[in-house]
Amino acid sequence: MTSRISRLVVAFVATAGATLGVTVANPTPASAAMTICYNTSQAGSFVSVANQAATIWNNATSNLTLTANCGSNLRIYSITGGGSYAVRTSLGNGRVYIDTQQAQQYSPLRIMSHEIGHILGLPDNYNGNCSLLMSGGSAGTSCTNPYPSSAEATRVTNLFAGTRSGAERGSAVDSVVFQDSWPAVLAPIG
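Residues numbered from 1 in each chain as written. Predicted model: local features only at pLDDT ≥ 70, side-chain atom pairs only at ≥ 80, totals over all residues. Heavy atoms only, no water.

(A) Up close: the overall build of the protein. In terms of regular secondary structure, the protein is built from 6 helices and 6 strands. Mapped in sequence order, the helices and strands of the protein form the string α-β-α-β-β-β-β-α-α-α-α-β. Counting the 190 residues in the protein, one finds 41% classified as buried. Taking the intrachain contacts of the protein between residues at least 6 apart in sequence as the baseline, contacts between residues at least 24 apart amount to 63%. Carbon and sulfur atoms provide 56% of the accessible area of the protein, an area that totals close to 9700 Å². (Helix = DSSP H or I, 4+ residues; strand = E, 2+ residues; numbered from the N terminus. Buried < 20%, exposed > 50% of the residue type's maximum accessible area, 1.4 Å probe, protein only. Contact = heavy atoms within 4.5 Å. Areas by Shrake-Rupley, 256 points an atom, 1.4 Å probe, with all protein chains shown as cover.)

What follows is the structure in structure tokens.
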């Protein structure tokens with residue numbers, strides 16, 4: 001009887017919340033996927049690139065689903081000049097800016113996957129290793145790898161499962177601007 005009353009209360013609260021436009025957190029096991037809604041209304045020519053990058057992250061992680069245009073946890077913008085960058089407001093929330101000029105020099109899909117990686121809690125790693133997504137532009141213009149390494153994917157999975165230590169989570173959940181990951185586009189000489 002008590003479990004039935006509990007289920008009825010949960011159903012009532014969820015229905016009332018949905019009616020009022022409020023999302024009610026439902027306790028789920030760590031293996032359940034968390035949905036991050038990304039908005040591409042300002043992404044310009046990068047909409048399909050954003051969708052490809054979301055698929056890459058969905059396939060790389062076990063408890064995370066990036067879904068297009070169901071909300072605005074993550075907003076993606078196309079800009080011209082100033083460089084590509086990400087602004088994480090909290091874990092899984094923020095804005096990604098893709099510079100059209102840089103996307104002519106570097107792989108647009110690598111840039112997009114990298115910048116989304118920041119929103120998902122990953123820092124830059126400027127070691128020049130093309131197999132690491134978070135090495136960004138330090139791997140050079142010939143590097144087109146848009147896939148996170150297994151260590152990068154595992155870190156994101158752990159962050160969203162809440163299994164990282166407080167110190168590790170702290171840097172991933174704080175509001176941070178990630179800029180200068182991609183070297184500036186050089187103006188033609190002459």
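More follows now that the structure is in view.
(B) Expanded view of helix H4 (residues 108-119). The end-to-end C-alpha separation of H4 is 17 Å, in line with the 16 Å expected for 12 residues at 1.5 Å each. Burial runs high along H4: 11 of the 12 residues are buried. For H4, the complete set of buried residues consists of Leu109, Arg110, Ile111, Met112, Ser113, His114, Glu115, Ile116, Gly117, His118 and Ile119. In the stretch just after H4, Gly121 is the one whose phi turns positive, near 110°. (Expected span 1.5 Å × (residues − 1).)

(C) Highlighting the packing of aromatic side chains. With the rule as written, the count across this model stands at 2 aromatic pairs. Ring centres 5.0 Å apart and planes at 15° place the aromatic pair Tyr77 and Tyr97 in the stacked group. You can see Tyr77 sitting in strand E3 (residues 74-79) and its partner Tyr97 sitting in strand E5 (residues 93-99), a full 20 residues away along the chain. Residue Tyr97 is classed as buried on the basis of its relative accessible area of 14%. Through pairs of rings, three or more aromatic residues link up here, namely Tyr77, Tyr85 and Tyr97. (Phe/Tyr/Trp six-rings, centres within 6.5 Å; stacked < 30°, edge-to-face > 60°.)

(D) Structural detail: unusual backbone geometry. Positive phi, close to 50°, is recorded for Asn69, a residue that is not glycine. Along the chain, Asn69 turns up in the loop between strand E2 (64-68) and E3. The exposure class assigned to Asn69 is partly exposed, which follows from its relative accessible area of 48%.

(E) Representation of the state of the cysteines. In the structure shown here, the tally under the stated rule is 2 disulfides. The disulfide partner of Cys37 is Cys70, and the gap between their sulfur atoms is 2.0 Å. Taking the torsion about the sulfur-sulfur bond, which here is approximately -105°, the covalent link between Cys37 and Cys70 counts as left-handed. With Cys37 in strand E1 (residues 34-42) and Cys70 in the loop between E2 and E3, the pair connects residues that are 33 residues apart, well separated along the chain. What makes Cys37 buried here is its relative accessible area of 11%. Note on Cys70: relative accessible area 45%, which makes it partly exposed. One disulfide bridge connects Cys130 with Cys143, the sulfur atoms lying 2.0 Å from each other. (Disulfide = S-S within 2.5 Å.)

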